[in-house]
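# Structural characterization, general
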Amino acid sequence: MSRRQFVGAAAATTAASAIFLALGMAQPGIADDDLAAKGEPELVWSAIADYEESTAQERGTYSPRFVAYLARFLINYDTISAYWWNAQQTKVSVASAQKFSKRLIEEGATSVFYNLDLDGNGSLSEEEFYAGLTDQTEAFSKFQASIAFGLRKYQGKDGVRSLFKLLVEQFGEQLSARRQIALLFSLMDSVQPVELIKRLIGETDNASIIGYKVVDGGSGYTPEAPPSVKVDGPAFLDDTAAAKAVLKPTGRLFRIKVTSPGKGYVKAPDVTISPPRASWGRAATAMCMLKGDKLAGVVLTNPGKGYTTGDDIRVMIAGPAINMTAINVTAAGAGEVIERMMGGATAEAILDMMVGEVAVVKPGSGYGVDLPITVTVDQPPTRVDFANFGQVAKVEAVLSPPPEGELLRSWLPPASLQQAVTELLPNNLVPKLDPCLGKFYISPIQVLDPKYCIYYDNSEFQIYPSQKLAPYFSFLDGPRARYPVEKERPLDVGVFLRFAACGAACGATAHAVLIPIDVVKTRMQSEPRKYPGMVSTFKTLLEEEGKDAFLLGAGATITGYFVYGGVSFGLTEFFKRKFVEICGPEFATLYPVPLLLFASAMAATFAATAVTPFESLRIKAVTSPGFPRTLIGGLQEVARRGQTRELFDGVPVLLLAEIPYMMAKFAVFDAASKLAYSLFPQAGESVTLSLLVSLLSGMVAGVAASLVSQPSDTILVAVNGEAEEGGRMDIVGTVRNKLKEGGVAAFYKGSVPRAIKSAINIAIQFFLYDSCKRLAHVGPDDIKVFFDVMSGLEIGLKGAGGMGAVANMIETNMR
């Protein structure tokens, strides 16, 4: 797509979804028809509370990089995970389209085009456009968090081994999957299952030894005792290779072996060694050593060069010297001369041998192509007197080629394009075994020190600054998410009754604690001239009416808000879920705030109607002298006067007050708590911190709710307070009077104590509500279940029949 085409499409519509459809570019994943043909798989859902027993320390077995890569692996190879991922693409498309539309409006089409054109060639490829349009990170991060949750039961060394065996059992039929599992566990920093990785690589490659390379033939070997060769066993199977060493001369002499020491020597005789036949050769030299009058040994001073087994090597040692003047010329003297001439020493030359080659006796099987194999050759014979030192031979095994062609030992991901969250490392990338650390790492990166890395490039190691290579592999880390893929389990009537009971308890308790502040606020609203300020109102009430004045209307308050709390909280929970059912999960995902506002408004309608009579009795008790202070007394007095119907006169006003109050309360609380958890994700891991978040978010919600509903509350107090004097006015008349008295400011009389009361009230309410829900086993973790990917694997839901086709389809589409 050229820049002109892109800008034209963007100008035609700023809805990214329209551009998306116009270009005919579908999200990658499994085709619906293919899934329908295989049958829709059933996802496994488990209670979050079942996984909460693991400690934070135990949950440190797996690094974020490992969890992210396991998520990628499952999306590519597990049918259940792939099905879920495909189902998310529509939701992702809608959300991404909205974000893209906003981006087009704010930045302009031309600017967006150049930001998407990552390779700078002046046009957008499908990959570039798709990478800029879609935002899969949120769905992937939740899936990743689900896996992290499921891994809580695979902790420690034994847990890692169990997980490894589970993945091999489920997906080991595919060669590419076995390679990916080896890469996956090579990402582990601690408790890495090294031996299991070796075995898997051996099973995957299943290589045999087809030859041996003699790196150093050594020396000091003799044909009489050829060395044996020992080959390490394979990582997989029990089919160890066997080999045999074949010797050849080094061209040197190893030693001179004395065959007869002779006798009668007075001094060391001369020794001469015949030269080799080769013209380029060089004769060895030696010197004799005596012990008494006999030859003790012959020491090579130069082993020579160019000798072969075909040479007739002769060692000539001079006989003992004869002093003819000291011998009588007799028959006996002649015999002595002959004896001395015959008493000369003799010796033979021993060739120095080396390992010339190692023959394959048995090739074996189950070896890993890139796993080190130790081939051990016996040491040469132990030190022999007057012989040169021998040196052990060094041999390397040559393995059969891998089943999928040449293995990849050097790789860097492309830096010019964005990486898809589901992209895997190349299947033929080889995990490297560090012999010093005793664990695997992903080639080509090897940490040399904090500043430099070793990179295997062009068949040789090169040193690069670590910061140069680090960005290439940052895509492996994956996005982070606080919550896993979760949903609410089906809720019955009993659960909603427990919601209502918790709401009733927290509503009554919170309002009971704040009755004194409520009395002050009501007096300031009903008689603003006598009670102008909060502090002065406290003092006046204390001086004129005593401490009992601060408990006026207590019975009506506690009872009324017991009913109010039960109805408001219970129905809000009910309507919120019911609207999700009606509108669908996509609407709930995209528009959570309007849905919550609508649910709280509906609940407020019923709650306000239910609490109006009690609120009317409370206001009369506080503002009307002589009116009974108890709830029963107030009801009897109203019945005596025939004013029972008037208890509901405040319903319209209370609706005007409570609907915005409730909407603000729930919406602001929800927003404040989400903000708190986004800033401090660790708060969700602790019950204490979660309750603290509820407390602080409730205070913020309380202030906002009181300010929104303050004018309606002022009118409500005025209507119920004036009725006692026979000068009862309707809502319109009350509004006119308030405007005459003090303008708009008159409606905010008593707003400070009401804001304080509301902040404390709602904070206590949500704190007690969350605490009560946990005790009643209807807290967030009790009513939610999460997508338990690992349990799905355990019971074999991968869909063995169509798994390979599904995995290949996804992998192909994602390319």
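Here, residues in each chain are numbered from 1, in the same order as that chain's written sequence. Local features in this predicted model are restricted to residues of pLDDT 70 or higher, and side-chain atom pairs are both shown and tallied only at a pLDDT of 80 or more, whereas totals for entire chains, interfaces and linings draw on every residue. Side-chain metrics in this entry use all non-hydrogen atoms of the structure; hydrogen atoms and water are not considered.

### Digging into the pattern of salt bridges
Here, a salt bridge means any side-chain nitrogen of Lys or Arg that lies within 4 Å of a carboxyl oxygen of Asp or Glu. Per the stated rule, a full pass over the model turns up 19 salt bridges. When the shortest N-O distance is used, the salt bridge between Lys153 and Glu794 registers 3.3 Å. Of this pair, Lys153 sits in the loop between helix H8 (137-150) and helix H9 (156-171) while Glu794 sits in helix H26 (residues 789-794), and the two are 641 residues apart along the sequence. Given the relative accessible area of 37%, Lys153 is considered partly exposed. A salt bridge links Glu544 to Lys530; its shortest N-O distance comes to 3.2 Å. Note that Glu544 is positioned in helix H16 (residues 534-545) and Lys530 in the loop between helix H15 (515-526) and H16, a separation of 14 residues in sequence. One network of salt bridges, in which partners are shared, links Glu488, Glu573, Lys576, Arg577, Asp770 and Lys773. Only DSSP runs of H or I covering at least 4 residues are called helices, and only runs of E covering at least 2 are called strands; the numbering of each starts at the N terminus. The rule is simple: take the accessible area with a 1.4 Å probe, protein chains only, and divide by the maximum for that residue type; under 20% is buried, over 50% is exposed, in between is partly exposed.

### Focus: helix H24 (residues 751-775)
With 25 residues, H24 extends 35 Å between its outermost C-alpha atoms, agreeing within 8% with the 36 Å of an ideal straight helix rising 1.5 Å per residue. Directly after H24, the chain includes His777, whose backbone phi takes a positive value near 60°. Expected helix span is computed as 1.5 Å times (number of residues minus one).

### Quick look at the sheet that holds strand S17 (residues 486-488)
Spatially, S1-S18-S17 is the arrangement adopted by the three strands of the open sheet, whose pairing is antiparallel. Each edge of the open sheet is held by one strand with a lone partner, namely strand S1 (45-47) and S17. Each strand axis lies, on average, 40° off the axis of its neighbour in the sheet, ignoring direction. Think of it this way: DSSP has to see at least two bridges between two strands before they count as a pair. Bridge count between S1 and strand S18 (residues 784-787): three bridges; the pairing is antiparallel. Bridge pairing in S18 places Ala47 opposite Val785. Helix axes use the C-alpha atoms of the stretch in contact, all axes being lines fitted to C-alpha atoms, and the angles between their N-to-C directions lie in the range 0 to 180 degrees.

### Observations concerning the packing of helix H19 (residues 592-623) against helix H21 (residues 651-679)
Relative orientation and spacing of two packed helices are given, respectively, by the angle between their axes and the distance between those axes. Between H19 and H21, whose axes approach to 8 Å, the crossing angle comes to 140°. As far as their axial angle goes, H21 and H19 are oblique. Of the two elements, H19 crosses H21, and the hand of that crossing is right-handed. Contact residues: H19 offers Leu596, Leu597, Ser600, Ala601, Ala603, Ala604, Thr605, Ala608, Thr609, Val611 and Thr612, while H21 offers Val651, Leu654, Leu655, Glu658, Ile659, Met662, Met663, Phe666, Ala667 and Asp670. Ten residues, namely Ala, Val, Leu, Ile, Met, Phe, Trp, Tyr, Cys and Pro, are considered nonpolar, four, namely Asp, Glu, Lys and Arg, are considered charged, and the remaining ones, Gly among them, are considered polar. Class assignment for the residues of the contact of H19 with H21 results in 15 nonpolar, four polar and two charged. Oblique is the label for any angle not under 35 degrees, not over 145, and not in the 65 to 115 range, which are roughly parallel, roughly antiparallel and roughly perpendicular in turn. Throughout, a crossing is termed right-handed when the near helix is turned clockwise from the far one, and left-handed when it is turned anticlockwise from it by less than a right angle. Contacts were defined at the residue level, with two residues in contact if any of their heavy atoms lie within 4.5 Å.

### What about the nonpolar core?
In this structure, Leu74, Phe143, Ile147, Leu151, Leu167 and Phe185 are the most contacted members of the largest nonpolar core, which totals 54 residues. Those elements giving two or more residues to this core turn out to be helix H4 (64-77), helix H5 (79-107), H8, H9, helix H10 (175-186), helix H11 (194-205), strand S13 (439-442) and H26. Sorting elements by how many residues they give to this core places H4 first, with nine residues. Throughout, the edges of the domains are those of an automatic or database domain assignment. No fewer than three residues from each of domain 1 (42-113 + 123-205) and domain 3 (421-471) sit in this core. The contacts of Ile147, once residues within four sequence positions are left out, are Val67, Leu70, Ala71, Leu74, Val789 and Met790. Val231, Ile273, Tyr307 and Val355 belong to the second largest nonpolar core, which has 42 residues in total. By convention a nonpolar core is built from buried Ala, Val, Leu, Ile, Met, Phe, Trp, Tyr and Cys residues, the set being connected through side-chain atoms within 4.5 Å.

### Things to note about the pairing of strand S6 (residues 285-291)
In the sheet, S6 pairs with strand S7 (residues 294-302) via seven bridges, with the strands oriented antiparallel. The residue of S7 that forms the bridge with Ala286 is Leu300. Taking the residues between adjacent antiparallel strands as the criterion, S6 and S7 are bridged by two residues, where Gly292 takes a positive phi near 75°.

### Some thoughts on the side chain of Gln180
Note on placement: Gln180 falls in helix H10. Classification of Gln180 by relative accessible area gives buried; the value is 0%. At 2.6 Å, the side chain of Gln180 forms a polar contact with the side chain of Tyr69. Whenever two N or O atoms come within 3.5 Å, that pair is a polar contact, provided that in protein one can donate a hydrogen and the other can accept it, and provided that, for residues adjacent in sequence, both atoms are side-chain atoms. In this structure the side chain of Gln180 is engaged in a polar contact, spanning 2.7 Å, whose partner is the side chain of Asn427. Gln180 has contacts with Tyr69, Phe73, Tyr77, Leu424, Leu425, Pro426 and Asn427, leaving out every residue within four places of it along the chain.

### Quick word on the packing of aromatic side chains
Aromatic rings in a pair are described by how distant their centres are and how their planes are angled relative to each other. In this analysis, rings of Phe, Tyr and Trp, with Trp reduced to its six-membered ring, are considered paired at centre separations within 6.5 Å, and the interplanar angle assigns stacked below 30 degrees, edge-to-face beyond 60, and tilted for intermediate values. Counted according to the given criterion, the structure contains 21 aromatic pairs. Relative to Phe579, the ring of Phe575 has its centre 5.8 Å away and its plane inclined at 15°; by these criteria the two rings are stacked. Of this pair, Phe575 and Phe579 are both found in helix H17 (residues 554-583), four residues apart, which corresponds to roughly one turn of the helix. Residue classification places Phe575 among the buried residues on the basis of a relative accessible area of 12%. By relative accessible area, which is 12% here, Phe579 ends up buried. Each ring, one from Phe579 and one from Phe598, has its centre 4.8 Å from the other, and the planes form 20°; the classification is stacked. A residue pair is termed long-range when its members are at least 10 positions apart, and Phe579 in helix H17 and Phe598 in helix H19 qualify at 19 residues.

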